[in-house]
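Here is what each chain is made of, one letter per residue.
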Amino acid sequence: MYDHRKLGRELDLFDGDPLIGAGLPFWLPDGAAVRMALEDYVRDVERRNGYRHVYSPIMGKRELYEISGHWDHYRDDMYPPMSIGEEQVVLRPSLCPHHALIYRSRGRSYRDLPLRLAELGGMYRSELSGVLGGLTRVRAIQLNDAHIFCTADQAVEEARAALELIAAAHAAMGIRPVRHRLSLPGSSGKYVAVPGLWERAGEMLREVLHDVEYEAVEGEAAFYGPKIDIQIADNLGRESTLSTVQIDLYQPARFDLEYTGPDGARHRPVMVHRSIVGSVERAVAHLIEVHGGAFPAWLAPVQVAVLPLGEDEAAFADSVVSRCAALGLRAELSGPEKGSLGARIREARLVPYQLIVGSREVAAGEVSVRLRDGRKLAALPVAEALGRIAEITSRRETGLW
Ligand SMILES: [Zn+2]
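Residues numbered from 1 in each chain as written. Predicted model: local features only at pLDDT ≥ 70, side-chain atom pairs only at ≥ 80, totals over all residues. Heavy atoms only, no water.

- For the protein, the name recorded in an unreviewed UniProt entry is Threonine--tRNA ligase, with Herbidospora solisilvae as its organism.
- Of the protein, the UniProt comment under Catalytic activity (unreviewed entry) reads exactly: "tRNA(Thr) + L-threonine + ATP = L-threonyl-tRNA(Thr) + AMP + diphosphate + H(+)".
- Checking UniProt for the protein, the heading Sequence similarities (unreviewed entry) contains the comment "Belongs to the class-II aminoacyl-tRNA synthetase family." (UniProt positions renumbered as here; feature names shortened; annotations may be inferred.)

Put into structure tokens, the structure is as follows:
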């Protein structure tokens, strides 16, 4: 495994500046390409699985977090309020309260449930500067979040479906989590005290995990409920949580959420919180460490390198790059001015597809395909080669060909 901080800088993926501040990295174009590919994937998967996307502001009034319980139970991790006139506004420590209010903004019937609201949104954590570095402990987080508002009867099935989306995402990303953890409350005072809440939600999560191997760990729950954490390990073996699924019986009551049942009476929905890839910062950090920069083709900053043998083939190579762009592929020209073919192939060693163009290829309208793993394929018509690459990347396959 690699150190994502070192590699992230070497590969021009991200960096930081003391003037912006510790824990506030910025994404360079190649890193932004990886992140955007990941975000596109998440939104695509969510759309296909019945989620509706929303946008909500990255801050809210202090009262909002007093109601959600963050103010009492999570304040140490929050930024101090900003005063605007008579109001106090806080950078949000999570997206849940906003989504609860979006749910509450319209009358809801049992026919609307499950209502799956998703957002890739910003949230903020006042980490101490001593623990900052790279993308894993940051002060501004972009979270792939969703809240499923459903009946108590639907909650286990919804949480289970979320676990399946998580497993599929990890497979597409080429990562292997180290374990599933059922995170339960501990003895400290940070957990809300509501009779029966922890037992009920805990039982539901055990049911979700019925066919999954997991470890129950006390002291790792959210302050409002137990959760399933899917754990990854960094290059030093330190564990952190990537994806989560939570069943929350607390915030629906705090925000007085309701739906009208088939009996015409009002009922309380359950809130299932889930994140498929966690924060994009941590997900990309892990991808860098696992793949050493050789990302699956659909995530690669540059997917195709086109290498003309000499100046005579440069115009044809350029047209191949343009055709890649038209297909939505990220392609770069690596011309003879950059050195010998061997040197250029070495330089493009992390690029999944290297298309080599000599005079024979130009005459035939073909490219010779060389894969990152060293495999050489027969020369193919340009349309066929690019069509195949576009198919592999759009299906987010982990194999190269
Ligand atoms: Zn949430």
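**A short note on the overall build of the protein**
For step 1, the next point in the chain: The number of helices and strands found in the protein is 13 helices and 20 strands.
For step 2, the next point in the chain: Taken along the three principal axes of its C-alpha coordinates, the protein extends 75 × 50 × 45 Å.
For step 3, the next point in the chain: Evaluated residue by residue, the protein yields a buried proportion of 52% over its 401 residues.
For step 4, the next point in the chain: Sequence-distant contacts in the protein: of pairs separated by 6 or more residues, those separated by 24 or more amount to 71%.
For step 5, the next point in the chain: With the model as given, the accessible surface of the protein reaches about 18500 Å², and the carbon-plus-sulfur share is 49%.
For step 6, the next point in the chain: Of the side chains in the protein, 48 bear a positive and 55 a negative charge, and the two mean positions are spaced by 0 Å. (Helix = DSSP H or I, 4+ residues; strand = E, 2+ residues; numbered from the N terminus. Buried < 20%, exposed > 50% of the residue type's maximum accessible area, 1.4 Å probe, protein only. Contact = heavy atoms within 4.5 Å. Areas by Shrake-Rupley, 256 points an atom, 1.4 Å probe, with all protein chains shown as cover. Lys, Arg positive; Asp, Glu negative; His and termini not counted. Charge placed at Lys NZ, Arg CZ, Asp CG, Glu CD.)

**A closer look at the coordination of the zinc ion**
For step 1, the next point in the chain: Each protein donor to the zinc ion is listed here as Cys96 (SG), His147 (NE2) and His273 (ND1); together their distances run 2.0 to 2.3 Å.
For step 2, the next point in the chain: Sequence spacing of the donors to the zinc ion: C-x50-H-x125-H. One end of the pair, His147, is in strand S8 (residues 140–150); the other, His273, is in strand S15 (residues 270–275), with 126 residues separating them in the sequence. For the residue pair His147 and His273, the accessibility class agrees, reading buried in each case. (Donors = N, O, S within 2.8 Å, 3.2 Å for Na, K, Ca; no water.)

**Observations concerning the nonpolar core**
For step 1, the next point in the chain: Ranked by internal contacts, the top residues of the largest apolar core, which has 82 residues, are Met173, Ile228 and Ile247.
For step 2, the next point in the chain: When residues of this core are assigned to their parent elements, the largest contribution, 10 residues, is made by helix H6 (residues 155–173).
For step 3, the next point in the chain: If sequence neighbours within four positions are ignored, Met173 has contacts with Leu38, Val277, Ala283, Leu287, His291, Pro296 and Trp298.
For step 4, the next point in the chain: Among the nonpolar cores identified, the runner-up in size contains 23 residues, and Phe316, Val321, Leu329 and Ala385 belong to it. (Core = buried A, V, L, I, M, F, W, Y, C linked by side-chain atoms within 4.5 Å.)

**Here's the deal with the packing of helix H2 (residues 29–48) against helix H9 (residues 280–291)**
For step 1, the next point in the chain: Relative to each other, H2 and H9 sit at 115°, their axes nearing to 10 Å. Crossing of H2 against H9: the hand is right-handed. From H2, Val34, Arg35, Leu38 and Glu39 reach across to H9, where they touch Val280, Glu281, Ala283 and Val284.
For step 2, the next point in the chain: Split by residue class, the contact of H2 with H9 holds five nonpolar, no polar and three charged. (Axes fitted to C-alpha atoms, helices over the stretch in contact; angles between N-to-C directions. Left-handed = near helix turned anticlockwise from the far one by under 90°. Nonpolar A, V, L, I, M, F, W, Y, C, P; charged D, E, K, R; others polar.)

**Some thoughts on the side chain of Arg372**
For step 1, the next point in the chain: Relative to the helices and strands, Arg372 is located in the loop between strand S19 (366–371) and strand S20 (376–381).
For step 2, the next point in the chain: Buried charged residue Arg372 carries no salt bridge. Nearest counter-charge: Asp373, at 7.3 Å.
For step 3, the next point in the chain: Here Leu350 takes part through its backbone oxygen, which lies 3.1 Å from a polar atom of the side chain of Arg372.
For step 4, the next point in the chain: Beyond its immediate stretch of four places on either side in the chain, Arg372 contacts Ala294, Phe295, Arg349, Leu350, Val351, Pro352, Gln354 and Leu400. (Salt bridge = Lys/Arg side-chain N within 4 Å of Asp/Glu carboxyl O. Polar contact = N/O pair within 3.5 Å; in protein donor to acceptor, adjacent residues only side chain to side chain.)

**Quick word on the sheet that holds S19**
For step 1, the next point in the chain: Reading across the sheet, the five strands line up as S17-S16-S18-S19-S20 and stay open at both edges, with mixed pairing between neighbours. The open sheet has two edge strands, strand S17 (331–333) and S20, and neither has a second partner. The mean inter-strand angle of the sheet, taken between neighbouring strand axes irrespective of direction, is 25°.
For step 2, the next point in the chain: Of the strands in this sheet, strand S16 (304–308), strand S18 (353–357), S19 and S20 touch helix H13 (residues 382–394), which is tilted by about 115° from S20. (Pairing = 2+ DSSP bridges.)

**What to know about helix H7 (residues 197–208)**
For step 1, the next point in the chain: Taking 1.5 Å of rise per residue, the 12 residues of H7 would be expected to cover 16 Å, and the 17 Å separating its terminal C-alpha atoms lies within 8% of that figure.
For step 2, the next point in the chain: In this fold, the buried residues of H7 make contact with H6, strand S9 (179–184), strand S11 (227–233) and strand S12 (239–248). (Expected span 1.5 Å × (residues − 1).)

**Some remarks on the environment of Ala283**
For step 1, the next point in the chain: With respect to the secondary-structure elements, Ala283 resides in helix H9.
For step 2, the next point in the chain: With relative accessibility at 1%, the residue Ala283 sits in the buried group.
For step 3, the next point in the chain: Apart from residues no more than four positions distant in its own chain, Ala283 is found in contact with Leu38, Met173, Leu242 and Val277.

**Structural notes on the domain arrangement of the protein**
For step 1, the next point in the chain: For the protein, the assigned domains read domain 1 (4–291) and domain 2 (304–395).
For step 2, the next point in the chain: One C-alpha centre belongs to domain 1, the other to domain 2; they are set 40 Å apart. (Domains from an automatic or database assignment.)

**Comments concerning the layout of surface pockets**
For step 1, the next point in the chain: The volume enclosed by the second largest pocket comes to roughly 450 Å³.
For step 2, the next point in the chain: Lining the second largest pocket are 21 residues, with Asp30, Val302, Glu332, Glu347 and Val351 sitting closest to its centre.
For step 3, the next point in the chain: Residue composition of the lining of the second largest pocket, grouped by class: 11 nonpolar, two polar and eight charged.
For step 4, the next point in the chain: Split by domain, the lining of the second largest pocket shows at least three residues from each of two domains, domain 1 (4–291) and domain 2 (304–395). (1 Å grid on protein atoms, 1.4 Å probe; cavity = no way out; pocket = protein on both sides within 12 Å on 5 of 7 lines; lining within 4 Å. Points joined across faces, edges and corners; volume = space filled by probe spheres on them.)

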